[in-house]
Amino acid sequence: MRARLAAVALLVVLGVTACSGGEPEVDQAAPPQQQVAASQEATQPATAGPVPATLKFEGTTLDGKSFSGAALAGRPTVLWFWAPWCATCFGQAASVADMQTEFGTKVNLLGVAGLGDAKAMKEFVKDGEVGNVTHLNDEAGTVWKKFKIAEQSTFVLIDKDGKVLRTGWMDSVEFEGKVAEMAA
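Each value, and the rule that gives it
- Residues numbered from 1 in each chain as written.
- Predicted model: local features only at pLDDT ≥ 70, side-chain atom pairs only at ≥ 80, totals over all residues.
- Heavy atoms only, no water.
- Axes fitted to C-alpha atoms, helices over the stretch in contact; angles between N-to-C directions.
- Helix = DSSP H or I, 4+ residues; strand = E, 2+ residues; numbered from the N terminus.
- Parallel < 35°, antiparallel > 145°, perpendicular 65-115°, else oblique.
- Left-handed = near helix turned anticlockwise from the far one by under 90°.
- Contact = heavy atoms within 4.5 Å.
- Nonpolar A, V, L, I, M, F, W, Y, C, P; charged D, E, K, R; others polar.
- Patch = residues over 30% accessible without salt bridge, like charges linked within 9 Å, V, L, I, M, F, W, Y side chains within 5 Å.
- Areas by Shrake-Rupley, 256 points an atom, 1.4 Å probe, with all protein chains shown as cover.
- Salt bridge = Lys/Arg side-chain N within 4 Å of Asp/Glu carboxyl O.
- Lys, Arg positive; Asp, Glu negative; His and termini not counted.
- Charge placed at Lys NZ, Arg CZ, Asp CG, Glu CD.
- Buried < 20%, exposed > 50% of the residue type's maximum accessible area, 1.4 Å probe, protein only.

(A) A look at the packing of helix α3 (residues 87-103) against helix α6 (residues 172-183). At a minimum axis separation of 10 Å, α3 and α6 run at an interaxial angle of 20 degrees. Viewed along their axes, α3 and α6 adopt a mutual orientation that is roughly parallel. In this structure, α3 crosses over α6, and the sense of that crossing is right-handed. The segment α3 lies against α6, with Gly91, Gln92, Ser95, Val96, Met99 and Phe103 engaging Ser172, Phe175, Glu176, Val179, Ala180 and Ala183. Partitioning the contact of α3 with α6 into residue classes produces 7 nonpolar, 4 polar and 1 charged.

(B) Quick look at a negative patch on the surface. A surface patch of like charges, here negative, comprises Asp117, Glu123, Asp127, Glu129 and Glu139. Relative to the helices and strands, Glu123 resides in helix α4 (residues 118-127). By relative accessible area, Glu123 is classed as partly exposed at 40%.

Here's what the structure looks like:
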């Protein structure tokens, strides 16, 4: 625990010293609606060029909204394949939520729930306190099959160009380290 706190403190210090100035510039003379739109545009990931084959998938979030993997293009991405009854997955939820909070502006984190029903998936997200991450309801296993996932908990690390860097299980310490590397 102390090592983790020390690592977080170091990241905070490095982040503060490397920070280039904070918020995106917004035209203060513009109407409030345009100021908000400009601010939101500046924080959205840039998707330059074609969408890599890796990110060509569609799904539905646990909130019932349509989701396109193309929205992840242009930034490093972590896909977290989990099941609602998986104790290991539940144990990882805190780390996933922490990494979303800390690095969510630099790294996409997407939960891909399978092997259960929507009600159980929603309960997992609530009880695991991982609601700050977008989660797909992949009951049909479409995304699981695309990435050849045969078991949970599995992480898929994808670079900003859509290349799969790693697929497999990681403990929370290794996972957090990899996300920090991807954000650098």
